[in-house]
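Results of the structural survey
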Amino acid sequence: MNTNAFTPRPLTADNFTERWQPRPDASSKARGEQYYPTDELTWAGLLHGRILRSTYPHARILSINVEPARALPGVHDVVTAADIPGANTYGIVFRDQPVFCTDHVRYLGDALAAVAADTPEIAAHALSLIEVQYAELPVVADPTAALADGAPHLHPDGNLLDSSQLAHGDVDTAFNTCAFVVEGRYRTPRQMHVFMETEGGVVVPDREGGLTFRVGCQSSHRDREQLASILDLPLEKVRVMGLATGGGFGGKDELTMQPAAGLLALRTGRPVRIHFDRRESTIAGIKRHPVEFIARTGCDAEGNLLAHQIHAILDTGAYATLGPAVLTNLTDHAAAPLYRIPNIKVSGQLVYTNNSVAGAFRGFGGNQATFAVESQLDKLAAAAGLHPAELRRRNLRTPEDAGVEGQTQQQPCHPQLLLDAAQSSPLWQRAVHAADDRWLSGVGMALGAQGNGLGNGLPDAGGARLRLTAEGRIELAFGFIEYGQGVIAAVQSLACEYLGCAATDLDIRLGDSSGPDSGPTSASRSSVIAVEALRQLQPRWIDALRILAGSENLTPGPAGLYSVSGEPCISYPQLASAAAQLPTLEVQFNFPTGPDQVPRGRYLQLLIATVARVAVDRLTGRVRVEQLHHITAGGKVIHPPSYLGQIEGAAVMGMGMALLEDVPMQDGQFLLDNLDAYLIPTLADAPEQRVDVIEDILDDERYPVRGIGELGIEAVSPALTAAIENATGVRPDSLPVDPAALLAAMQEQSA
């Protein structure tokens, strides 16, 4: 293999001068001028909505009396399940979550009623007047206890929502032949997305009985289908506009305030705005699945991996949302997809409880599993007397190897390239501390892999529309949504590259259900969709413009068409004004799933190695992250600042999961419900970061780009715990790392 083309390069402005351009939305966001869905306060006749949540985590509803709220001056409507004209359920995988509960509440975020009033204050007061009588039921708070015989059933089919198993070889026999075997128990936390803009938006009715949802969401087309079903409206009467949103990370993949606001707008005939405050977002919002792992891994005397077994229990909370898909991805990652292991048995259980609902979250279960797998490999390397990097080197898969389920995958490069680069990181050159230094310094590393697309053969359509407007503008429309990840910058850069135009020639339309369906804005899939759409549209667009111009020898360029010699011939506005019919091109296709007849896993793969340097306080056990160095293989860098921001931002989110963030619950109750107690990394905590990129892709010019929105979080947690162990000799197995527990373990070890 010629590795010269795959040498990592630091992602800096000096190395990417031609592609290093400001984001189109950077100035407006920096100045505070960006208009978000929850900023829409100027609609004529705007009403303010609020949603009544459950008082108990588990109870039967005996009665609901909304008449006192309805009688309050300034209240225009109060709705319950009885007022829903269509289906009273929603959910991406299973529609098991009620819009409004009728006879049973299963967690504190369950909705019972909603109010529309002249002001937010009146709406809040109206909620306090609604009378609900409950009969409390036993709370199912622990997922293991939820599976026990005799546990109360939260749903008709019991508490086991889904299970998974991935196995090959004979694990039991293989463990008997291992020279070294290590076991471990690992825990990952219930993490919040903590987007800057909480869930919200405005629903606007029209005179024909239709509704326009101007909201923060991640899939306008999928949301439209569910909302039309709930409100019993034809699809053409429902329009969902996913406006520029203040963060998503998976937490807005599911419906949030839309059903309640839509019902209130439909009944009152007036625009209705609902915006969750931070407390409501904490209680009703989606979380990362907390996971308990039990792991066992073994190798022979030479360090060759022979057997690997993991069982995972995921607390999915009260409803399904995307839990089954998270379990599938977690199972794939728990099978150690970067390593050759002849005997594997991985199993998982996805369990209903009365805790907060868990669903889509950046990493989608993969980073939780990677924490367990990489921790196991470090322990096994120590047992076998090998350097952690050497154990990995002896067992790495090659790009020619099949995936853990025998499936075909498109790896960007050999993972050994990333391992070598990580070992050469300057972070290993740490200073030697005197014995009385307060801070202990340590360095650690981990590897990770992530795939693009929904995977496993799930419906995964992509599409786009390209047209020349009457004003001579090039309008390019996709269904996915800009929620801070920089997709608008990527689309602009790609359009200029494929269509030959300038950024000033473009109008980019995103997130409108009246436009093309590009699938959900999730699974790091938007960049791949954009490239494939433009690749297919490019020759048709050139032909259409040449037909309009009446010449086959002209080529599109900035501001218009050019002759063979490079002379400008006709501008786009001139071309449009002279045209009898303007071209509108559409394309629809499926996300690439590879050549296998039955797709499994994710075909398009990415790789990362993360090296972390930490300092641990001898007096308190507090961990300070000083530096992170990421080596990524994620295909061609379309827009370098966005790529850099995604890797660095995901890494800081991973720091939060590893060191700070958790939503503790007791008997279905939240032990915190706001950001005064739930701590996240701030700019003061953000370390110096370096990102190196490998842009080349092995043997595949068709898919030169990968989506990297989740890649940066994949290996951060195990890299940090490896660095903590390097500094202190103590390896944390439970996240977030508890400073007090770490300090106690350090003191016990020194004693």
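What you see is a predicted model, and the numbers here were worked out from it, not measured in a lab.

1. Observations regarding the sheet that holds strand β9 (residues 131-136)
- One open sheet accounts for 3 strands, arranged β7-β3-β9; its pairing is antiparallel. Looking at the sheet topology across the chains shown, the edges are occupied by β7 (104-105) and β9.
- In this structure, strand β3 (residues 59-65) lies alongside β9, joined through 6 bridges in antiparallel fashion. Bridged to Arg 60 within β9 is Ala 135.

2. Quick word on the packing of aromatic side chains
- Tallied over the full model, the rule gives 4 aromatic pairs.
- The interplanar angle of 75° and the centroid separation of 6.1 Å between the aromatic rings of Tyr 107 and Tyr 319 together place this pair among those described as edge-to-face. Of this pair, Tyr 107 sits in the loop between β7 and β8 (111-117) while Tyr 319 sits in the loop between β17 (305-317) and α9 (323-334), and the two are 212 residues apart along the sequence. By the burial criterion, Tyr 107 is buried, and Tyr 319 matches it.
- Ring geometry for Tyr 186 versus Phe 371: centroids 5.8 Å apart, planes at 80°, classification edge-to-face. Of this pair, Tyr 186 sits in strand β11 (residues 180-188) while Phe 371 sits in helix α10 (residues 366-384), and the two are 185 residues apart along the sequence. The pair formed by Tyr 186 and Phe 371 is uniform in burial state, with each residue classed as buried.
- Positioned above the aromatic ring of Phe 361, the side-chain terminus of Arg 288 is 3.9 Å from the ring centre.

3. Notes on helix α6 (residues 220-231)
- With 12 residues, α6 should reach 16 Å at 1.5 Å per residue; the first-to-last C-alpha distance of 16 Å fits that figure.
- With 9 of its 12 residues buried, α6 lies for the most part within the structure.
- By the burial criterion, the buried members of α6 are Ser 220, His 221, Asp 223, Arg 224, Gln 226, Leu 227, Ala 228, Ile 230 and Leu 231.
- In this structure, the buried side of α6 is in contact with β5 (89-90), β13 (211-215), β14 (238-242) and α7 (258-268).
- Backbone geometry just after α6 places Asp 232 at a positive phi near 55°.

4. Topic: the packing of α10 against helix α11 (residues 388-395)
- At a minimum axis separation of 8 Å, α10 and α11 run at an interaxial angle of 110°. Compared by their axis directions, α10 and α11 come out roughly perpendicular. On α11, the residues touching Glu 374, Leu 377, Asp 378, Leu 380 and Ala 381 of α10 are Pro 388, Leu 391 and Arg 392.
- Residues belonging to the contact of α10 with α11 are distributed by class as follows: 5 nonpolar, no polar and 3 charged.

About the thresholds
- Residues numbered from 1 in each chain as written.
- Predicted model: local features only at pLDDT ≥ 70, side-chain atom pairs only at ≥ 80, totals over all residues.
- Heavy atoms only, no water.
- Pairing = 2+ DSSP bridges.
- Helix = DSSP H or I, 4+ residues; strand = E, 2+ residues; numbered from the N terminus.
- Phe/Tyr/Trp six-rings, centres within 6.5 Å; stacked < 30°, edge-to-face > 60°.
- Buried < 20%, exposed > 50% of the residue type's maximum accessible area, 1.4 Å probe, protein only.
- Lys NZ or Arg CZ within 6 Å of the ring centre and 35° of its normal.
- Expected span 1.5 Å × (residues − 1).
- Contact = heavy atoms within 4.5 Å.
- Axes fitted to C-alpha atoms, helices over the stretch in contact; angles between N-to-C directions.
- Parallel < 35°, antiparallel > 145°, perpendicular 65-115°, else oblique.
- Nonpolar A, V, L, I, M, F, W, Y, C, P; charged D, E, K, R; others polar.

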